[in-house]
Amino acid sequence: DQAKAPNDQQIQLAQSWLSKATSYNPQVVFEPDYLRLQARIDPNAALGSLKAFRDLAPEQRQAVADAMADALLKLKKFQDAYQILQMSYPDSPYRTPIQRNQLAYFAALANTDLILAKEEIDKAIEKSDNYSFRDTRAWVLHKLGKQEEALEEINAAIASMNKDLKDLLENVGKTERSFLR
């Protein structure tokens, strides 16, 4: 991961390009790719741009928010990442299971809104039960101090992951055999 991290010279160069682009066309700050790049270069500055992209289409705003949250995750700024997702995702009834999982995961990392995080991940699992969501639920339960439930949940996640992996390997084997005929 460190090999991919930009050095100071690269950051300065990228920031100068962003400044030039903004001077040529101030509307560029509303472009999702601009905001994604800014989030990767300087997540702290990108936080200031959050209000600028509130006017974007919801899908674009969510994509940028996801990129910003990922960048903030690498900086261990969990509370900031959680707040960005909270502000950028649709209201609760309209959230996808993946969005609910993301919110619950970042809330657990930030150690905030844990009851809400549990509600979000439970709703995600109701719609789409998979090992990733179960892993998040185990993390939330752990943060809530419910260690036995968390252990049961992580074991269920591992069992589900192993089943999915077994199914995948069986399908790969079938595909290989069909090519060899």
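A few points on the structure. All values reported here derive from a predicted model rather than from experimental measurement.

### As for the packing of aromatic side chains
- Overall, the coordinates contain one aromatic pair when judged by the stated rule.
- Judged by centre distance (5.5 Å) and plane angle (80 degrees), the ring pair of Tyr-105 and Phe-106 falls under edge-to-face.
- Taking the relative accessible area as the measure of exposure, Phe-106 reaches 1% and is therefore buried.

### With respect to a nonpolar patch on the surface
- Where nonpolar side chains cluster on the molecular surface, the patch consists of Leu-165, Leu-168, Leu-169 and Val-172 and spans about 360 Å² of accessible area.
- Inspection of the secondary structure assignment puts Leu-165 in helix α9 (residues 147-180).
- Taking the relative accessible area as the measure of exposure, Leu-165 reaches 45% and is therefore partly exposed.

### A word on the pattern of salt bridges
- Counted under the stated rule, the structure contains nine salt bridges.
- In this structure, Arg-95 engages Glu-120 in a salt bridge whose closest nitrogen and oxygen atoms are separated by 2.4 Å. With Arg-95 in the loop between α5 (78-88) and α6 (97-110) and Glu-120 in helix α7 (residues 114-127), this pair connects stretches of sequence that are 25 residues apart.
- Accessibility expressed as a relative area gives 16% for Arg-95, which makes it buried.
- The exposure class assigned to Glu-120 is buried, which follows from its relative accessible area of 5%.
- Put simply, Asp-122 and Lys-118 hold a salt bridge, and the shortest N to O gap is 2.8 Å. Of this pair, Asp-122 and Lys-118 are both found in helix α7, four residues apart, which corresponds to roughly one turn of the helix.
- In this structure, a network of salt bridges that share partners links the residues Lys-118, Asp-122, Asp-129, Arg-134, Arg-137 and Glu-153.

### A closer look at the nonpolar core
- Within the largest apolar cluster, 23 residues are counted, with the highest numbers of intra-cluster contacts made by Leu-85, Phe-106 and Ile-121.
- Among the secondary structure elements, those contributing two or more residues to this core are α4 (58-74), α5, α6, α7 and α8 (131-143).
- If you tally residues by element for this core, the top one is α6, at six residues.
- Leave out the neighbours within four places in its chain, and Leu-85 touches Ala-65, Asp-66, Ala-69, Gln-102, Leu-103 and Phe-106.

### Let's talk about the side chain of Glu-153
- Inspection of the secondary structure assignment puts Glu-153 in helix α9.
- A distance of 2.8 Å separates the side chain of Glu-153 from the side chain of Arg-137, its partner in a polar contact.
- Once residues within four sequence positions are removed from consideration, Glu-153 is found in contact with Arg-134, Arg-137, Ala-138 and Leu-141.

### Describing the packing of α5 against α6
- Closest axis-to-axis distance for the α5/α6 pair is 8 Å, and the angle between their directions is 150 degrees. Taken together, the axes of α5 and α6 are roughly antiparallel relative to one another. The handedness of the crossing between α5 and α6 is left-handed. In this structure, α5 contributes Phe-78, Gln-79, Ala-81, Tyr-82, Leu-85 and Gln-86 to the contact, and α6 contributes Gln-102, Leu-103, Phe-106, Ala-107, Leu-109 and Ala-110.
- Broken down by class, the residue content of the contact of α5 with α6 amounts to nine nonpolar, three polar and no charged.

Definitions and cut-offs
Residues numbered from 1 in each chain as written. Predicted model: local features only at pLDDT ≥ 70, side-chain atom pairs only at ≥ 80, totals over all residues. Heavy atoms only, no water. Phe/Tyr/Trp six-rings, centres within 6.5 Å; stacked < 30°, edge-to-face > 60°. Buried < 20%, exposed > 50% of the residue type's maximum accessible area, 1.4 Å probe, protein only. Patch = residues over 30% accessible without salt bridge, like charges linked within 9 Å, V, L, I, M, F, W, Y side chains within 5 Å. Areas by Shrake-Rupley, 256 points an atom, 1.4 Å probe, with all protein chains shown as cover. Salt bridge = Lys/Arg side-chain N within 4 Å of Asp/Glu carboxyl O. Helix = DSSP H or I, 4+ residues; strand = E, 2+ residues; numbered from the N terminus. Core = buried A, V, L, I, M, F, W, Y, C linked by side-chain atoms within 4.5 Å. Contact = heavy atoms within 4.5 Å. Polar contact = N/O pair within 3.5 Å; in protein donor to acceptor, adjacent residues only side chain to side chain. Axes fitted to C-alpha atoms, helices over the stretch in contact; angles between N-to-C directions. Parallel < 35°, antiparallel > 145°, perpendicular 65-115°, else oblique. Left-handed = near helix turned anticlockwise from the far one by under 90°. Nonpolar A, V, L, I, M, F, W, Y, C, P; charged D, E, K, R; others polar.

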